[in-house]
Amino acid sequence: MFVCNKLSKADTYSKKYTPMKRIHFNKTNWFWVTLLVLSLVCILAGTFEFYEFENAGINKKIAAAGFLLQVIYFFRFFIYKNDVQVTKNVIMIRLNSWNGMSIYFDHIASTNLTENTLIVTKTNGEQITIDTKGIHLDDLQELNGLLLSKLENPATVG
């Protein structure tokens, strides 16, 4: 009697190669700042009707264009699941989740990058553990280097 082993084919297809996820580093970009300011100007101009047009619906269209620009601006946060935003004093890290955490650079005492976790120790002794499973190693090292570069005395970091 002939026995077909269909389970082995299913196992073969389920073990496909999954590439490592990349981190999107979102540093201050003047394009996005300009887009946000333009959207606010359009909303204010369309709402308060600073200039009267012959067609009264044009002001509503200007306000709608401002809201559309805001949607475009905030939609970029939903595109990238692994996102790091850097400002002068704060870093917002969102890895492998939809929730992010903000960390002030002057509150960071040390960092420890292991195989599947990034542990950030604050100056008050609190430890923040970030799951880094499936993230590309180069991006993790860049994130760790970014955290270390903002420390006041990186030589004492272990």
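Refer to the structure above for everything that follows.
Counting of residues starts from 1 at the beginning of each chain's written sequence and follows it residue by residue. Predicted model: local features are reported for residues with pLDDT of at least 70 only, side-chain atom pairs are reported and counted for 80 or more only, and whole-chain, interface and lining totals are derived from all residues. Working from all heavy atoms in the structure, the side-chain values ignore hydrogens and water.

Looking at the nonpolar core
Here's step 1: In this structure, I23, V84, I91, I93 and L143 are the most contacted members of the largest nonpolar core, which totals 20 residues.
Here's step 2: Among the elements of the structure, β2 (83-86), β3 (90-94), β6 (117-122), β7 (127-131) and α4 (137-149) are those that each provide at least two residues to this core.
Here's step 3: Segments assigned H or I by DSSP are reported as helices when at least four residues long, segments assigned E as strands when at least two residues long, and all are numbered from the N terminus. Examining the composition of this core, we find that 4 residues originate from one element, α4, more than from any other.
Here's step 4: It only takes one pair of heavy atoms within 4.5 Å for two residues to be counted as in contact. Filtering out sequence-adjacent residues up to four positions away, L143 remains in contact with I23, F25, V84, I91, I93, L95 and L118. Throughout, nonpolar core names a set of buried Ala, Val, Leu, Ile, Met, Phe, Trp, Tyr and Cys residues whose side chains join them through atoms within 4.5 Å. Only protein chains enter the calculation, and the probe is 1.4 Å; a residue is then buried if its accessible area is under 20% of its type maximum, exposed if over 50%, and partly exposed in between.

Some thoughts on the sheet that holds β6
Here's step 1: At least two bridges found by DSSP between two strands are what make those strands a pair. Here we have 3 strands laid out as an open sheet, ordered β5-β6-β7, and antiparallel in their pairing. Lying at the two open borders of the sheet, with one neighbouring strand each, are β5 (108-113) and β7. Averaged over neighbouring strand pairs, the angle between their axes works out to 15° when direction is ignored.
Here's step 2: Direction of pairing for β6 relative to β7: antiparallel, over a ladder of 5 bridges. Along β7, the bridge assignment pairs V120 with I128.
Here's step 3: Fitted lines through C-alpha atoms give the axes, limited to the stretch in contact for helices. The angle between two N-to-C directions lies from 0 to 180 degrees. Against the sheet, α4 contacts β5 and β6, and its axis sits at roughly 160° relative to β5.

Quick look at the pattern of salt bridges
Here's step 1: Any carboxyl oxygen of Asp or Glu that lies within 4 Å of a side-chain nitrogen of Lys or Arg is treated as forming a salt bridge with it. The full count for this structure, using the stated rule, is 2 salt bridges.
Here's step 2: One salt bridge connects D139 with R22, and the closest N-O pair in it is separated by 3.0 Å. Taken together, the residues D139 in helix α4 and R22 in the loop between α1 (6-14) and β1 (24-26) connect sequence positions 117 residues apart.
Here's step 3: By relative accessible area, which is 4% here, D139 ends up buried.
Here's step 4: Across the salt bridge formed by K122 and E126, the nearest N and O atoms sit 4.0 Å from each other.

Side note on helix α3 (residues 57-79)
Here's step 1: Here the expected length of a helix is defined as 1.5 Å per residue gap, with one fewer gap than residues. Helix length check: α3, at 23 residues, gives a terminal C-alpha distance of 33 Å against a target of 33 Å (1.5 Å per residue), a fit within 8%.
Here's step 2: Those residues of α3 that fall on the buried side of the exposure criterion are N59, A63, G66, L69, Q70, Y73, R76 and F77.
Here's step 3: Elements that come into contact with the buried residues of α3 comprise β1, α2 (30-48), β2 and β3.

Structural notes on the pairing of β2
Here's step 1: As judged from the 3 bridges shared by β1 and β2, these two strands associate in the parallel manner. Bridging across to β2, N26 finds its partner in Q85.
Here's step 2: Relative to β3, β2 runs antiparallel, the two being bridged by 4 bridges. By the bridge assignment for β3, V84 is matched with I93.

So, the packing of aromatic side chains
Here's step 1: Each aromatic pair joins two rings of Phe, Tyr and Trp (for Trp, the six-membered one) with centres within 6.5 Å, and gets the label stacked for planes under 30 degrees apart, edge-to-face for over 60, and tilted for any other angle. All chains considered together, the criterion is met by 5 aromatic pairs.
Here's step 2: Summarising the aromatic geometry, the rings of F31 and W32 are spaced 5.1 Å apart at their centres and angled 75° between planes, so their arrangement reads as edge-to-face.
Here's step 3: By relative accessible area, F31 is classed as exposed at 52%.
Here's step 4: Looking at W32, the relative accessible area reads 21%, which means it is partly exposed.
Here's step 5: Taken together, F31, W32, Y73 and F74 form an aromatic cluster joined through their ring pairs.

The quantities given are spatial measurements derived from coordinates; they are silent on function.
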